[in-house]
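Coordinate inspection notes
Now for the letters of each chain:
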Amino acid sequence: MGLCVSMLASGSRGNCAIVASSLTKLLVDAGISCRETFKRMKAIGEDPRSLSAILITHEHSDHIYGLATMAKKLSIPIFMTGATHQAWARAMRDENGQRPKLEKLEKFESGHTFHVGDIAVKPFTIPHDAADPVGFTFVAEGVKVGIATDLGYIPVSVRDHLRGCDVLVMESNHDLEMLRGGPYPWSVKQRVMSRVGHLSNEALADFFLHDYDNNAAFVVLAHLSEQNNHPEIARREAEKALAMRGGLFQNRVLLAGQAEPLAPIRL
Ligand SMILES: [Zn+2]
Ligand SMILES: [Zn+2]
């Protein structure tokens, strides 16, 4: 086996995924409760006790909600940047003003590769309104996986990091028309659409058309808005763009959802 990707939950109510080699199992973000994470892991045949580490992309609650409990229960290393840790600890102060402690905190820096077991992890900066947000690529046993959600647009640096991925997990947050006409207050709409907000179906399609290397065997659409998107619209936009590039047969398009885990993707 090369790498296995399991999307446990994806969307503004919580994000959590597993990237695993035959030796190492990483949880990427802990945005749903510990209990729900364990439940979903068991549902896809994974034992929570077999996790090697937890990696955090940024401190927004849909990425860290279950972290404190999970860290306590599993006692495994937690990887995040120093700035993300500070922002997390500030937000998590208890009633006495005490910052929570992570027993096994490991700090990484964006742009610097580190290893957890046999998986090489490369965090890279993404444009999003958090302290120090990152996407990741993972390489093990000749397979590369890229995860880029929560980004206002796709800068050249991110495109470069995502080259050569065999599994590509990309944000397809909203349909621009649905967002504009939808129920959000204007200030929130502006935030979502901004350069540090979330990636639209249209922006992702533009990436597929012009900047994507057509390498992935699987493309996973992730972090879909429940109010401002529809899975079939997101799929149609992505497949249309990939078909125009002649890449639809290489790229199987999958949709990661909020309510239940996606079947594990093995490469
Ligand atoms: Zn976010
Ligand atoms: Zn998010």
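Parameters and conventions
Residues numbered from 1 in each chain as written. Chains lettered and ligands numbered in written order. Predicted model: local features only at pLDDT ≥ 70, side-chain atom pairs only at ≥ 80, totals over all residues. Heavy atoms only, no water. Helix = DSSP H or I, 4+ residues; strand = E, 2+ residues; numbered from the N terminus. Rg over C-alpha atoms; globule rule 2.2 N^0.38 Å. Buried < 20%, exposed > 50% of the residue type's maximum accessible area, 1.4 Å probe, protein only. Contact = heavy atoms within 4.5 Å. Areas by Shrake-Rupley, 256 points an atom, 1.4 Å probe, with all protein chains shown as cover. Lys, Arg positive; Asp, Glu negative; His and termini not counted. Charge placed at Lys NZ, Arg CZ, Asp CG, Glu CD. Donors = N, O, S within 2.8 Å, 3.2 Å for Na, K, Ca; no water. Tetrahedral: all angles 85-135°; square planar, octahedral: opposite > 155°, others 65-115°. 1 Å grid on protein atoms, 1.4 Å probe; cavity = no way out; pocket = protein on both sides within 12 Å on 5 of 7 lines; lining within 4 Å. Points joined across faces, edges and corners; volume = space filled by probe spheres on them. Nonpolar A, V, L, I, M, F, W, Y, C, P; charged D, E, K, R; others polar. Pairing = 2+ DSSP bridges. Axes fitted to C-alpha atoms, helices over the stretch in contact; angles between N-to-C directions. Patch = residues over 30% accessible without salt bridge, like charges linked within 9 Å, V, L, I, M, F, W, Y side chains within 5 Å. Salt bridge = Lys/Arg side-chain N within 4 Å of Asp/Glu carboxyl O. Polar contact = N/O pair within 3.5 Å; in protein donor to acceptor, adjacent residues only side chain to side chain.

What follows deals with the overall build of the protein. Scanning the protein from terminus to terminus reveals nine helices and 14 strands. In summary, the protein has a C-alpha radius of gyration of 17 Å against a globular reference of 18 Å for 267 residues, a match within 12%. Principal-axis analysis of the C-alpha atoms gives the protein an extent of 50 × 45 × 35 Å. A total of 267 residues make up the protein; the buried ones form 55% of that total. Look at the contacts in the protein between residues 6 or more apart in sequence, and 65% of them connect residues 24 or more apart. Roughly 11600 Å² of accessible area belongs to the protein as shown, and the carbon and sulfur atoms make up 50% of that amount. Computing the positive centroid from 29 side-chain charges and the negative centroid from 30, the protein places the two 3 Å apart.

Listed as protein donors to the zinc ion (ligand 1) are H58 (NE2), H60 (ND1), H128 (NE2) and D150 (OD); their distances from the metal cover 2.2 to 2.5 Å. Viewed at the metal, the four donor atoms of the zinc ion (ligand 1) are separated by angles of 91 to 171 degrees, and the geometry they form is irregular. Each donor residue of the zinc ion (ligand 1) lies on one chain, and together they are spaced H-x1-H-x67-H-x21-D. In this structure, the zinc ion (ligand 1) lies 3.5 Å from the zinc ion (ligand 2), and both are coordinated by D150. Within this pair, whereas H58 is found in the loop between strand 4 (53-55) and helix 2 (61-64), its partner H128 is found in the loop between strand 8 (119-125) and strand 9 (134-140), the two being separated by 70 residues in sequence.

Turning our attention to empty space enclosed by the protein. With the rule as written, the count across this model stands at one cavity of 30 Å³ or more. Counted as a void, the largest cavity has a volume near 110 Å³. Around the largest cavity, the lining comprises 14 residues; the ones closest to its centre are M7, N15, D29, I147 and T149. Elements supplying a minimum of two residues to the lining of the largest cavity: strand 1 (4-9) and strand 2 (16-20). Classifying every residue of the lining of the largest cavity gives seven nonpolar, six polar and one charged.

Let's shift gears to the coordination of the zinc ion (ligand 2). Within the protein, D62 (OD), H63 (NE2), D150 (OD) and H223 (NE2) serve as the donor atoms for the zinc ion (ligand 2), at 2.1 to 2.2 Å. Around the zinc ion (ligand 2) sit four donor atoms, and with donor-metal-donor angles ranging over 92 to 163 degrees the site reads as irregular. Each donor residue of the zinc ion (ligand 2) lies on the same chain, and together they follow the pattern D-H-x86-D-x72-H.

A word on the sheet that holds strand 10 (residues 143-148). Spatial strand order, 7-8-9-10-11-12-13: seven strands in an open sheet with mixed pairing. Only two strands of the sheet have a single partner each, and these edge strands are strand 7 (114-116) and strand 13 (252-255). Each adjacent strand pair in this sheet contributes to an overall mean axis angle of 20 degrees, direction not counted. Taken together, the five bridges between strand 11 (residues 167-171) and strand 12 (residues 218-222) define a ladder with parallel strand orientation. From the neighbouring strand, E171 faces strand 12, where its bridge partner is A222. Contacts between helix 9 (residues 231-244) and the sheet are confined to strand 12 and strand 13, with strand 13 contributing the most and set at about 160 degrees to the helix.

Moving on to a positive patch on the surface. Judged by side-chain charge, R35, K42, R49 and K73 come together as a positively charged surface patch. By the element assignment, K42 lies in helix 1 (residues 34-43).

Let's shift gears to the side chain of T149. Within the fold, T149 resides in the loop between strand 10 and helix 5 (156-161). On the basis of relative accessible area, T149 is assigned to the buried category, the value being 14%. Only 2.9 Å separates the side chain of T149 from the side chain of D150, close enough to count as a polar contact. Among residues more than four places away in sequence, those in contact with T149 are H63, I126, M170, E171, A222 and H223.

This part is about the sheet that holds strand 2. Across the sheet, which stays open at both edges, the seven strands sit in the order 6-5-4-3-2-1-14 with mixed pairing between neighbours. Of all the strands in the sheet, just strand 6 (105-107) and strand 14 (265-266) have a single pairing partner and so form its edges. As judged from the three bridges shared by strand 5 (residues 78-80) and strand 6, these two strands associate in the parallel manner. Residue pairing across strands places I78 opposite L105, the latter belonging to strand 6. Where helix 1 meets the sheet, it contacts strand 1, strand 2 and strand 3 (25-28), and its direction lies at approximately 135 degrees from that of strand 1.

The analysis is restricted to geometry; functional conclusions fall outside its scope.
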